[in-house]
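Chains, contacts and geometry: an overview
Here is what each chain is made of, one letter per residue.
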Amino acid sequence: PDLEQLYVHESVENVIPAKAFVDAFSDLPVPAELVGDDEEYDASDGVVTYAPREEFLDAGWVHCARAGYDAFDTEAYAEADVPLTNSSGIHGATVGEVAIGCMLSLARLLHVYRDHQNETEWYTPEYERPFTVENERLCVLGLGTIGEGIATRANGLGMDVDGVRRSDEPVPGVSEIYDPDELHEAISEARFVAITLPHTEETDGLLSTAEFEAMREDSYLVNVARGPIVDEEALVAAIEDGEIAGAALDVFETEPLLEESPLWEMEEVIVMPHKGSATNRYHLDIAELVSENVERYRAGEELRNRVA
Ligand code: NDP
């Protein structure tokens, strides 16, 4: 099939510098151009975008510049017979490192020392609080690119890693794989539970009161996936009631996190502004994926990361 033009929708600016991203396509056999909401599309156009727009359904192919494509109406794409691809497969190191950094901080209180540094305080925590992550158990929910990225890195730190996914395909760094219906068993012995699941109907609100009760009281939740997978009100209550010890959260039910959220004020919670994938090379990682798909599209081959 023909692909004559690659359009980059300005919404990509949410995550990457749009101009540098367009420049990364200078070697492509088709021209790349930055566009706003006034552009019209036809079957010879490819579109790379962060945000969904109805008019993209007129294009030949649409690429979502995020791994989580839950904002896109996949049924509409299937109906219109327009392939939709996502940016999965590139976040193992970026989001993986953030999750590891969070666990190290929660264990060794780096975030607490920074809080006290802000007050010019030479602070000594309770003797009982700091611990090493070595030999601690990590349960990773969702063992895809990011899950494996966390698992292999956690292995390097001497952690015991198991996880949950629907298929039982082995994953490097993961010693035991549980079925989704064994969730409580999987999380009950873990010192850290890391969420790396896509947000779907099945995973919506997956972690709530019963799950926090099943978790150890000295355990921590790390969510680098999507906010609505966790019942945020139940999480706040679980931390306040001592059902779990704390959390590191890159994602929230509402983003930016609402000013009135109690999470901001909790010492045992690390709040991050959905920057798990943010590095100075992110635009190049996405451009590489898109370029590969441009080649595939033009060659009539199956697209990588097709999700609809
Ligand atoms: P992948 O598709 O590579 O991995 C997702 C994994 O989850 C799959 O391996 C799948 O395995 C498993 N899974 C799916 N549904 C279920 C279920 N119901 N129960 C148990 N396991 C399930 O995606 P990524 O690792 O690249 O990304 C994961 C998510 O992280 C994205 O969907 C996105 O929302 C979020 N994300 C967040 C970022 C951030 O900035 N914080 C950046 C990038 C992504 P199986 O099929 O065997 O079940």
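Residues numbered from 1 in each chain as written. Predicted model: local features only at pLDDT ≥ 70, side-chain atom pairs only at ≥ 80, totals over all residues. Heavy atoms only, no water.

1. As for unusual backbone geometry
- Each neighbour pair has its own omega, and for E255 with P256 the value is -5°, a cis peptide bond.
- Even without glycine at this site, H274 takes up a positive phi of about 50°.
- Structurally, H274 is set in the loop between β12 (269-271) and α9 (282-298).
- Overall, H274 belongs to the partly exposed group, its relative accessible area being 25%.
- Of note, the phi angle at N305 is positive, near 65°, even though the residue is not glycine.
- The topology assignment puts N305 in the segment after α9.
- The exposure class of N305 is partly exposed, given its relative accessible area of 22%. (Helix = DSSP H or I, 4+ residues; strand = E, 2+ residues; numbered from the N terminus. Buried < 20%, exposed > 50% of the residue type's maximum accessible area, 1.4 Å probe, protein only.)

2. Points about the packing of helix α3 (residues 92-108) against helix α5 (residues 145-156)
- Their axes nearest at 8 Å, the elements α3 and α5 cross at an angle of 50°. The angle between the axes of α3 and α5 places the two elements in the oblique class. Note that α3 runs across α5; the crossing there is right-handed. Only T145, I146, G149, I150, R153 and A154 of α5 make contact with α3, whose side of the interface consists of G92, A93, V95, G96, E97, A99, I100 and M103.
- Here the contact of α3 with α5 is built from residues that sort into eight nonpolar, four polar and two charged. (Axes fitted to C-alpha atoms, helices over the stretch in contact; angles between N-to-C directions. Parallel < 35°, antiparallel > 145°, perpendicular 65-115°, else oblique. Left-handed = near helix turned anticlockwise from the far one by under 90°. Contact = heavy atoms within 4.5 Å. Nonpolar A, V, L, I, M, F, W, Y, C, P; charged D, E, K, R; others polar.)

3. Focus on the nonpolar core
- Formed by 31 residues in total, the largest nonpolar core has its most connected members in L141, I195, F212 and L221.
- At the level of secondary structure, the elements contributing two or more residues to this core comprise β6 (137-141), α6 (183-188), β9 (192-195), α8 (232-240) and β11 (246-249).
- With five residues, the top contributor of residues to this core is α8.
- The contact partners of L221, leaving out residues within four places of it in the chain, are V193, I195, L207, F212, M215, V230, L235, I244, G246, A247 and A248.
- Judged by nonpolar contacts, the second largest core, of 28 residues, contains M103, V133, I146 and A194. (Core = buried A, V, L, I, M, F, W, Y, C linked by side-chain atoms within 4.5 Å.)

4. A few points about the packing of aromatic side chains
- This structure, assessed with the given rule, holds nine aromatic pairs.
- Relative to Y77, the ring of F72 has its centre 6.4 Å away and its plane inclined at 50°; by these criteria the two rings are tilted. Each member of the pair, F72 as well as Y77, carries the same accessibility label: buried.
- Between F131 and Y220 the ring centres are 6.2 Å apart and the planes differ by 25°, which places this aromatic pair in the stacked class. Of this pair, F131 sits in the loop between α4 (110-117) and β6 while Y220 sits in strand β10 (residues 220-223), and the two are 89 residues apart along the sequence. As far as burial versus exposure is concerned, F131 and Y220 are alike and both buried.
- Members of the aromatic cluster, connected to one another through ring pairs, are Y7, Y41 and F56.
- For the cation-ring pair, R191 lies above F131, with the distance from its terminal atom to the ring centre recorded as 3.7 Å. (Phe/Tyr/Trp six-rings, centres within 6.5 Å; stacked < 30°, edge-to-face > 60°. Lys NZ or Arg CZ within 6 Å of the ring centre and 35° of its normal.)

5. Comments concerning a negative patch on the surface
- A cluster of acidic side chains, namely D168, E169, E176, D179, D181, E182 and E185, defines a negative patch on the protein surface.
- For D179, the position within the fold is in the loop between β8 (176-178) and α6.
- Classification of D179 by relative accessible area gives partly exposed; the value is 34%. (Patch = residues over 30% accessible without salt bridge, like charges linked within 9 Å, V, L, I, M, F, W, Y side chains within 5 Å. Areas by Shrake-Rupley, 256 points an atom, 1.4 Å probe, with all protein chains shown as cover. Salt bridge = Lys/Arg side-chain N within 4 Å of Asp/Glu carboxyl O. Lys, Arg positive; Asp, Glu negative; His and termini not counted. Charge placed at Lys NZ, Arg CZ, Asp CG, Glu CD.)

6. Quick look at the site of the ligand
- Every one of the 27 residues lining the ligand counts as a neighbour, but I146, R165, R166, S167 and D250 are closest to it.
- S88 has a polar side-chain atom sitting 3.1 Å from an oxygen atom of the ligand.
- Its free accessible area being 920 Å², the ligand has 87% of it covered by the protein chains. (Near = heavy atom within 4 Å. Polar contact = N/O pair within 3.5 Å; in protein donor to acceptor, adjacent residues only side chain to side chain.)

7. Considering the packing of α3 against α4
- Interaxial distance between α3 and α4 falls to 5 Å at its minimum, and their mutual angle equals 70°. Judged on the interaxial angle alone, α4 and α3 are roughly perpendicular. Here α3 contributes S105, L106 and R108 to the contact with α4, which in turn contributes L110, H111 and Y113.
- A per-class count over the contact of α3 with α4 returns three nonpolar, two polar and one charged.

8. A short note on the side chain of T94
- Note that T94 resides in helix α3.
- T94 has contacts with G276, S277 and T279, leaving out every residue within four places of it along the chain.

9. As for the environment of E260
- Relative to the helices and strands, E260 resides in the loop between β11 and β12.
- In this structure E260 comes out as exposed when scored by relative accessible area, which is 64%.

10. Let's talk about α9
- With 17 residues, α9 ought to run about 24 Å at 1.5 Å a step, and its terminal C-alpha atoms sit 25 Å apart, in line with that.
- Of the positions making up α9, those classed as buried are Y282, H283, D285, I286, A287, L289, V290, S291, N293, V294 and Y297.
- As for α9, its buried residues are in contact with β1 (5-9), α1 (18-23), β3 (45-49), β4 (61-64) and β5 (84-85).
- Immediately downstream of α9, the backbone of G300 shows phi near 70°, a positive value. (Expected span 1.5 Å × (residues − 1).)

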